[in-house]
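Fold and contact review
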Amino acid sequence: MSRSAHPAGPRHADVLPEGHYSGPAADLNALDPKVWAQTVTRDADANGVVTVGGIDVKTLAERHGTPAYVLDEADFRERARAWRTAFGPDADVFYAGKAFLSRAVVRWLHEEGLNLDVCSGGELATALSAGMPADRIAFHGNNKSVSEITRAIEAGVGRIVLDSFQEIVRVAHVAQSLGKRQPVQIRITVGVEAHTHEFIATAHEDQKFGIPLAGGQAAEAVRRALQLDGLELIGIHSHIGSQIFDMSGFEVAAHRVVGLLKDIRDEHGVELPEIDLGGGLGIAYTSDDDPREPHDIAKALTEIVTRECDSARLRTPRISVEPGRAIVGPTAFTLYEVGTIKPLDGLRTYVSVDGGMSDNIRTALYDAEYSVALVSRRSDAEPMLARVVGKHCESGDIVVKDAFLPGDLAPGDLIAVPATGAYCRSMASNYNHVLRPPVVAVKDGESRVIVRRETEEDLLRLDVG
Ligand SMILES: *Cc1c(COP(=O)(O)O)cnc(C)c1O
């Protein structure tokens, strides 16, 4: 990560964590289009309020309260369509529902021609209730219950991704008892673990997901699946990591998956028709991140698989991918109201917001980096080094670890953290009995609540003691 010189003026620059922050942007009012949803702009007038989907954030805060996740529907649809178009008719794009799932999102995906990954009964129920055709749903998970498997097969899901030897038998048994033959893929671990700019090709398979390629276990799983009447084995699945920018991990993974396809052909005389390379494609959380375009990714993955198959003299299987973060991540920001501001001399200024680790656990959980901006007005005050923290009883309750905000920031100002569309609402909790924020979709000058704010009534409804 680069670290540029600091423009004159930032306070507390001496305590900047080495290699972690590249200094304040020349203009704190600027909104980097890499990290903000597509329709986000700052009004050119003196007040400089930020608008999204044609609505300014002060109006959004008045209408819907804070904190709130604000989701740019046009941006979501465009990103979904870009993935769909990039991969074309001979491949499938499965949106990973765990990144963020709601009925509105399911309908958008359906309309834009994407398929959907779910990994629990709850996600399956959401998808089906919003009208996603079951044959466009893939069911994942390392510990699907028999009742979840039964519901998935009864509904007619397009594929179940088998994750263990026990599950091979379990799914076959349920399918057979329902008089069905269920299309399945087998998820394997290829010994590649990728994250951002690096991958480890010799990672040992010490994880809960998948069946290791090593030691012939994946080949044995294939042998068993092919023998069971309840199963129609359609392909092999591999998912290597998250927030990946560098395609070389996929290259090694594809090489190993195709190697298995070749072994299957040699042993059983079958060429499996599908290969799924999983998700994990990275987005820009800060200006330091440079994600690749879907078109670029599609071209690279297709080339890799085609080349590997040509050299193994296999027909190129139908490719599928499972982006979650890369579609929804950049389309939303979290809108907070500033509360207490606590300057710590010689250190930094702690800026408390009305949410925190309950609406964004990623900073505490993964040491994730985010950026932040004052959005209710423009300011030309001197930058101050800030840490944006939540309202929870926990010192690790940090939303943005290191950020510059205008030195005249005051309680009541609205600030927003961009790129919170993925793994924020979906991982939100009720810690401290803080109510989970709504998701507000904006488009063409209109705002619509697609997931409403939790109420104290909601909390108390569950508490039946
Ligand atoms: C988490 C996950 C994804 C999506 O990951 P992103 O980083 O959101 O793209 C896709 N496939 C599988 C199997 C996953 O576990």
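Residues numbered from 1 in each chain as written. Predicted model: local features only at pLDDT ≥ 70, side-chain atom pairs only at ≥ 80, totals over all residues. Heavy atoms only, no water.

1. Topic: the packing of helix H4 (residues 121-129) against helix H5 (residues 146-155)
Here is the rule: Here an angle of 0 to 180 degrees is reported between the N-to-C directions of two axes, which are lines fitted to C-alpha atoms, with helices fitted over the stretch in contact. Only DSSP runs of H or I covering at least 4 residues are called helices, and only runs of E covering at least 2 are called strands; the numbering of each starts at the N terminus. Angles are sorted into four bins: roughly parallel if under 35 degrees, roughly antiparallel if over 145, roughly perpendicular if 65 to 115, and oblique for all others. The handedness criterion is simple: a crossing whose near helix is rotated anticlockwise from the far helix by less than a right angle is left-handed, and one whose near helix is rotated clockwise is right-handed. Note on definitions: a residue-residue contact is assigned when non-hydrogen atoms from the two residues lie within 4.5 Å. Gly is placed with the polar residues, together with every amino acid not listed as nonpolar (Ala, Val, Leu, Ile, Met, Phe, Trp, Tyr, Cys and Pro) or charged (Asp, Glu, Lys and Arg).
In the contact formed by H4 and H5, the axes pass within 10 Å of each other and the chain directions differ by 25°. Relative to H5, H4 is oriented roughly parallel. Here H4 runs over H5; the crossing is left-handed. Contact residues: Gly121, Leu124, Ala125 and Leu128 in H4; Glu148, Arg151, Ala152 and Ala155 in H5. A breakdown of the residues in the contact of H4 with H5 according to their chemical character gives five nonpolar, one polar and two charged.

2. Focus: the nonpolar core
Selection rule: Each nonpolar core is a collection of buried residues, namely Ala, Val, Leu, Ile, Met, Phe, Trp, Tyr and Cys, held together in the definition by side-chain atoms within 4.5 Å. Relative accessible area decides the class of each residue, using a 1.4 Å probe on protein chains only: under 20% of the type maximum gives buried, over 50% gives exposed, and in between gives partly exposed. Note: domain ranges come from an automatic or database domain assignment.
Phe76, Tyr95, Ile186, Ile236 and Ile415 are the most contacted members of the largest nonpolar core, which has 111 residues in total. It is helix H8 (residues 248-268) that provides the largest number of residues to this core, a total of eight residues. Residues lining this core come from more than one domain, with at least three contributed by each of domain 1 (13-71 + 330-462) and domain 2 (140-323). Dropping the residues within four chain positions of it, Ile186 is found in contact with Leu162, Ile211, Ala221, Val222, Ala225, Leu233, Gly235, Ile236 and His237.

3. Focus: the site of the ligand
Our working definition: Note on definitions. A residue lies near a molecule or strand when any single heavy atom of the residue is within 4 Å of it. Under this definition, polar contacts are N or O atom pairs within 3.5 Å; protein pairs additionally need one hydrogen-donor-capable and one acceptor-capable atom, and for neighbouring residues in sequence, both atoms have to be side-chain atoms. Computed with a 1.4 Å probe, the accessible areas rest on the Shrake-Rupley method; for each residue, only the protein chains presented here act as cover.
The immediate surroundings of the ligand are formed by 14 residues, with Lys98, Gly280, Glu322, Arg325 and Tyr423 found nearest. Within the contact set of the ligand, an oxygen atom lies 2.8 Å away from a backbone nitrogen or oxygen of Gly280. Here an oxygen atom of the ligand sits 2.5 Å away from a polar atom, N or O, in the side chain of Tyr423. In the complex, the protein chains occlude 93% of the 390 Å² of accessible area that the ligand would expose alone. By residue class, the composition of the shell around the ligand is four nonpolar, six polar and four charged.

4. Notes on the domain arrangement of the protein chain
So the rule is basically this: Note on terms: buried area is the combined drop in 1.4 Å-probe accessible area of two parts once they are placed together, counting the loss on both. By convention in these notes, a salt bridge is any Lys or Arg side-chain nitrogen within 4 Å of a carboxyl oxygen on Asp or Glu.
Looking at the assigned domains, one finds that the protein chain contains domain 1 (13-71 + 330-462) and domain 2 (140-323). Between the C-alpha centres of domain 1 and domain 2 the distance comes to 36 Å. Taken residue by residue, the interface counts ten residues in domain 1 and eight residues in domain 2. Carbon and sulfur atoms supply 51% of the area buried between domain 1 and domain 2, which totals about 850 Å² over both sides. Between the two partners, domain 1 and domain 2, sit one salt bridge. Where domain 1 meets domain 2, there are five residue pairs in polar contact (both at pLDDT 80 or more). Classifying every residue of the side of domain 1 that touches domain 2 by side-chain character gives four nonpolar, two polar and four charged.

5. Details of the pattern of salt bridges
This structure, assessed with the given rule, holds 29 salt bridges. Where salt bridges share partners, they join Glu73, Arg77, Arg81, Glu111 and Glu112 into one cluster.

6. Regarding H5
How we decide: Arc definition: directions from the helix axis to the C-beta atoms.
Three or more residues of H5 are buried, namely Glu148, Ile149, Ala152 and Ile153. Viewed end-on, H5 has its buried residues packed into an arc of 125°, placing them on one side of the element. Packing partners of the buried residues in H5 comprise H4, strand E7 (137-139), strand E8 (159-162), helix H6 (165-177) and strand E9 (182-189). Following H5 by one or two positions, Gly156 has its phi on the positive side, about 90°.

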